[in-house]
Amino acid sequence: MFKLLFLLAIFILGSNAAVQDFCVADLKGPESPAGYSCKSVANVTVDDFVFSGLSAAGNTASIIKAAVTPAFAAQFPGLNGLGLSAARLDLAPGGVIPFHTHPGASEVLLVVQGSITAGFVSSANAVYLKTLKKGDLMIFPQGLLHFQVSDAGYTSVGFVFSSSSSPGLQITDFALFANDLPTKLVEATTFLDEATIKKLKGVLGGTN
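Residues numbered from 1 in each chain as written. Predicted model: local features only at pLDDT ≥ 70, side-chain atom pairs only at ≥ 80, totals over all residues. Heavy atoms only, no water.

## Focus: the UniProt feature "binding site: Mn(2+)" (unreviewed entry) in the chain
Here, UniProt's "binding site: Mn(2+)" (unreviewed entry) annotation points to H100, H102, E107 and H146. On the basis of their most widely separated C-alpha atoms, the annotated residues across 47 residues gather in one place, lying no more than 12.0 Å apart. Of the residues named above, H100, H102 and E107 line the largest pocket. One can find H100 in strand β3 (residues 96-101). Note on H100: relative accessible area 3%, which makes it buried. If we skip the residues at most four places from it in the chain, H100 touches L144, L145, H146, F147, Q148, L169, Q170, I171 and T172. Polar contacts involving the side chain of H100 include one to the main-chain carbonyl oxygen of P98, which spans 2.7 Å. (UniProt positions renumbered as here; feature names shortened; annotations may be inferred. 1 Å grid on protein atoms, 1.4 Å probe; cavity = no way out; pocket = protein on both sides within 12 Å on 5 of 7 lines; lining within 4 Å. Helix = DSSP H or I, 4+ residues; strand = E, 2+ residues; numbered from the N terminus. Buried < 20%, exposed > 50% of the residue type's maximum accessible area, 1.4 Å probe, protein only. Contact = heavy atoms within 4.5 Å. Polar contact = N/O pair within 3.5 Å; in protein donor to acceptor, adjacent residues only side chain to side chain.)

Here is the structure:
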């Protein structure tokens, strides 16, 4: 019996082993929950495994005074199927990455310039909050609401690394106020008054 269980455990542990070296994304096809289909190996080049897009600062001239430059599978095809990705955060003074979640990944933030206050809220509504300086790291567990705010008088920069090549993103403010969800339903589910909701919809482009 124990021998059978041991062999079964070996089979299960080995069943997730890679059967090919890589699966460079074929961006001409659709993305599925499992990622993109693989480009033909004959068409793979070294450039599929190199990405230079995080070297340049993002444009922070927006309502949030911040920019996110992704290096996900859609931008960096060589990441496809490898369970990791990256992004650059540029936050001007007062810039903010609003409360958001990544349904498909945990995230690590590395601050490389300035000062960023970051935090997340657990499913028990416990708050984990810290002001991070250059060289500091912070973890945001998968699916939990989290945010980043610049505290420096100049642009703060961070790099985030995720445990998925397509971590997904939902920004709470946009989910509530940047669509056509009826104001009365937003009022009923958030306890905000109608005037505030309509003001926020006006700012973020929502209707109804």
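## Section: the domain arrangement of the chain
Annotation of the chain at the domain level lists domain 1 (60-167) and domain 2 (173-204). With centres defined by C-alpha atoms, the gap from domain 1 to domain 2 works out at 25 Å. (Domains from an automatic or database assignment.)

## Quick word on unusual backbone geometry
Residues other than glycine seldom take positive phi values, yet K65 does so here, at roughly 55°. Within the element layout of this structure, K65 appears in the loop between α1 (2-14) and β1 (66-71). Look at K65 and you get partly exposed, because its relative accessible area is 43%. Positive phi, close to 70°, is recorded for N208, a residue that is not glycine.

## Some points on the sheet that holds strand β7 (residues 137-140)
Spatial ordering of the open sheet is given by β1-β2-β9-β4-β7, a layout of five strands whose pairing is antiparallel. Of all the strands in the sheet, just β1 and β7 have a single pairing partner and so form its edges. Neighbour-to-neighbour, the strand axes of the sheet open up by a mean angle of 20°, direction not taken into account. Strand direction decides the pairing type here: strand β4 (residues 107-113) and strand β9 (residues 156-162), joined by six bridges, are antiparallel. Directly across from Q113, in β9, lies its bridge partner V157. (Pairing = 2+ DSSP bridges. Axes fitted to C-alpha atoms, helices over the stretch in contact; angles between N-to-C directions.)

## Focus on the nonpolar core
In this structure, L91, L109, A118, L132, M138 and F140 are the most contacted members of the largest nonpolar core, which totals 15 residues. Secondary-structure elements contributing two or more residues to this core are β2 (85-91), β4, β5 (116-121) and β7. Dropping the residues within four chain positions of it, L109 is found in contact with L89, A118, L132, D136, L137, M138, F140, Q148, G158, F159 and V160. Core analysis: the next-biggest nonpolar cluster, separate from the first, contains seven residues, L54, F76, A86 and F159 among them. (Core = buried A, V, L, I, M, F, W, Y, C linked by side-chain atoms within 4.5 Å.)

## Quick word on the environment of L192
Among the structural elements, L192 can be located in the loop between α3 (183-190) and α4 (194-204). On the accessibility criterion, L192 (31% relative accessible area) is partly exposed. L192 has contacts with F177, E187 and I197, leaving out every residue within four places of it along the chain.

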